Amino acid sequence: MLARGQAGEKVRVQGWVRTRRDSKGVTFLELNDGSCLAHLQVVAEAGHPALRELAPVTTGSGVALEGLLVQSPGAGQAVELRLERVLLATPSHPEYPLQKKRHTLEYLRTIAHLRMRSNTLGAVFRVRDRLFHAIHGFFRERGFLFLAAPIITASDAEGAGAMFRVTTLDVETPPRSSSGSVDWSKDFFGKGAHLTVSGQLEGEAFALAYHDVYTFGPTFRAENSNTARHAAEFWMVEPEMAFADLAADRALAEAFVREVLGQVLEQCREDFALFEKHWEPGLLAKLDHVVKSSFEVMDYGEAVGHLETSGEAFQFPVSWGADLQTEHERWLTEKKVGRPLFVVNYPKAIKAFYMRANDDGRTVAAMDLLVPGVGEIIGGSQREDREDVLRERMREMGLPLEDYQWYLDLRRYGGVPHAGFGMGFDRLLMYITGMSNIRDVIPFPRVPGYVEF
RNA sequence: UCCCCGAUAGCUCAGCCGGUAGAGCGGGUGACUGUUAAUCACUAGGUCGCAAGUUCGAGUCUUGCUCGGGGAGCCA
């Protein structure tokens, strides 16, 4: 209405009161309905009969009003609503915990059921919605088939990472086998089950039937990670393409980041202006740079070489075979190349079992996309499509082959080369909003020791 | 899991060498001819996170615990 409303229109509005200002001759209400950052100013002259019904209305109250949209004589807004009729007025208790001033993000987390009525969190969750739809739109335009990977699973995609167990057994007195261990065959599914840590393996199965697919849904990690970047429940985007190698995977990741970012920036200008002003000065320039620059590609060996000769005093030493630390990733993308950077072909010892072995015998066709400001934001690979090589690798890493027979079958029956990547949705949202704690971009976050709301 | 920092009014914080609790905002009341987180006046509001210890006396010093924040590891 603020964007399209014409003075002279009679309108009905519904929303929540952000602030009320009374003076002798006139009353002002600022209304917000979550559709945008700006508020609608409602005006009533003293003595207007409708004001009686608005007497108990204070900050936080919900109202439905009817009135005439007029040009505003005041400076802060183009149009305002001249109140005619009150359709509904639900007062808010005086102890309403959101005040007309800036709160800390830590405090807002304690009122997660109300915090989206604040300017910052209101903007975050608006951008979250736009980003969600931009991602689906990106894949849909390219003909990718969407599949919702199962949330309850019997396999562990990475062979690492603690998982949440799903069970209906009585935890006090579970059925035991003769050896004394818990007898999972008596459980709901007839075997042990967990919450998924990744939809990738299921995505691969679908890619080998539909060519290009993606999953986008919740994933779970029971890691005891106490940082601002980890949550026990978070969302991942995982595209998978058949007849694709690492170069195609890289091209997709680059197009994905640039297009999705560009689109959200365009749609949420007002919200980004708030992030820029209050949370991360320089945010818009940073994101603009990512959208406009083409991404650099660097071999892992080359990256290690640059780091070794950088002259920087890193907290962790660098040598071929070691995984890159956040400090290394940031130096490479920020100082060395000054734009988003793909590091490719990592040592196989530090990467997952399903990544395709390169001909040099010591690296795999893996890629990480590093961006200035955070470091790694996307991890992907070409998948091992040779059944014998994959089987050998899984044996090496001690994976239970019987659980993964279906995954090996994919190679046996027309297992063409394929590749994909995974991206943490909430981390991307942190990056683009400038929020530095993942708990401030997830509606109701779950982290170790905390499940409220 | 490890390291560091913090916890005082509803919120954001101040409180010196240990001497008995303060501000701003918010709430309430009143004033004000169009305000923009309005302004002005008055007013209510506190087991100083919890438990112990040192002391004539602890918000202040010591120990333990709980919760929160930052960083690291692991990762997305």
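Residues numbered from 1 in each chain as written. Chains lettered and ligands numbered in written order. Predicted model: local features only at pLDDT ≥ 70, side-chain atom pairs only at ≥ 80, totals over all residues. Heavy atoms only, no water.

## Focus: the confidence of the model for chain A
Alright, step 1. Taken over all residues, the pLDDT of chain A has a mean of 90, while the share at 70 or more is 98%.
Alright, step 2. Per-residue pLDDT, averaged within each element of chain A, yields its smallest value for helix α9 (residues 326-336) (85) and its largest for strand β6 (residues 145-146) (98).
Alright, step 3. This prediction of the complex comes with two scores: 0.92 for pTM and 0.86 for ipTM. (pLDDT = per-residue confidence, 0-100. Helix = DSSP H or I, 4+ residues; strand = E, 2+ residues; numbered from the N terminus.)

## Side note on the sheet that holds β6
Alright, step 1. The sheet built from 8 strands is open, its strands ordered β6-β10-β11-β16-β15-β14-β13-β12 with mixed pairing. Lying at the two open borders of the sheet, with one neighbouring strand each, are β6 and β12 (296-299).
Alright, step 2. Inspection of the sheet shows β6 paired to strand β10 (residues 212-220) by 2 bridges, in the parallel sense. Within the sheet, the bridge partner assigned to F146 lies in β10 and is Y214.
Alright, step 3. Packed onto the sheet, α9 meets β12, β13 (341-347), β14 (363-371) and β15 (375-382) and runs at close to 60 degrees relative to β14.
Alright, step 4. Relative to strand β16 (residues 418-424), helix α12 (residues 425-433) is tilted by about 55 degrees, and along the sheet it contacts β10, β11 (233-242), β14, β15 and β16. (Pairing = 2+ DSSP bridges. Contact = heavy atoms within 4.5 Å. Axes fitted to C-alpha atoms, helices over the stretch in contact; angles between N-to-C directions.)

## Details of the nonpolar core
Alright, step 1. Residues I135, F256, F272, I378 and I432 are the most contacted members of the largest nonpolar core, which totals 63 residues.
Alright, step 2. Ranked by residue count, the leading element in this core is helix α3 (residues 119-141), at 10 residues.
Alright, step 3. Among the nonpolar cores identified, the runner-up in size contains 30 residues, and L201, V343, A352 and Y404 belong to it. (Core = buried A, V, L, I, M, F, W, Y, C linked by side-chain atoms within 4.5 Å. Buried < 20%, exposed > 50% of the residue type's maximum accessible area, 1.4 Å probe, protein only.)

## Quick word on helix α6 (residues 269-278)
Alright, step 1. Listed in full, the buried residues belonging to α6 are D271, F272, L274 and F275. Buried residues of α6, seen end-on, are gathered within an arc of 155 degrees and therefore sit on one face of the element. Structural note: α6 exposes R269 and K277 on the side pointing more than 90 degrees away from its buried face.
Alright, step 2. The inward-facing, buried residues of α6 abut α3, α5 (246-267), α7 (283-292) and α12. (Arc of directions from axis to C-beta.)

## Examining the pattern of salt bridges
When the charged atoms of two side chains lie near each other, side chains of opposite charge can form a pair.
Alright, step 1. Counted according to the given criterion, the structure contains 28 salt bridges.
Alright, step 2. A salt bridge links E45 to R82; its shortest N-O distance comes to 3.6 Å. Of this pair, E45 sits in strand β3 (residues 40-45) while R82 sits in strand β5 (residues 79-90), and the two are 37 residues apart along the sequence.
Alright, step 3. Classification of E45 as partly exposed rests on a relative accessible area of 42%. (Salt bridge = Lys/Arg side-chain N within 4 Å of Asp/Glu carboxyl O.)

## Some points on the side chain of S72
Alright, step 1. Within the fold, S72 resides in the loop between β4 (62-71) and β5.
Alright, step 2. In this structure S72 comes out as buried when scored by relative accessible area, which is 13%.
Alright, step 3. Only 2.9 Å separates the side chain of S72 from the side chain of Q77, close enough to count as a polar contact.
Alright, step 4. A distance of 2.9 Å separates polar atoms of two side chains, one belonging to S72 and the other to E80.
Alright, step 5. Here S72 is in contact with Q41, Q77, A78, V79 and E80, once residues within four sequence places are set aside. (Polar contact = N/O pair within 3.5 Å; in protein donor to acceptor, adjacent residues only side chain to side chain.)

## Observations concerning the pairing of β16
When a strand is regular, its side chains alternate between the sheet's two faces.
Alright, step 1. Within β16, 7 of the 7 residues are buried, which leaves the element mostly enclosed by the surrounding structure.
Alright, step 2. Across the two faces of β16 the burial is the same, with H418, G420, G422 and G424 and A419, F421 and M423 all buried.
Alright, step 3. The sheet contact formed by β11 and β16 spans 5 bridges and is antiparallel. From the neighbouring strand, M241 faces β16, where its bridge partner is A419.
Alright, step 4. In this structure, β15 lies alongside β16, joined through 5 bridges in antiparallel fashion. Within the sheet, the bridge partner assigned to Q382 lies in β16 and is A419.

## As for α7
Each α-helix turn comprises 3.6 residues. Residues three or four places apart therefore point the same way.
Alright, step 1. Taken together, the buried positions of α7 are occupied by L283, K286, L287 and V290. One side of α7 carries all its buried residues, which in axial view fall inside an arc of 90 degrees. Residues A285 and K292 are exposed on α7 and point more than 90 degrees away from its buried face.
Alright, step 2. Those residues of α7 that are buried lie in contact with α5, α6 and α12.

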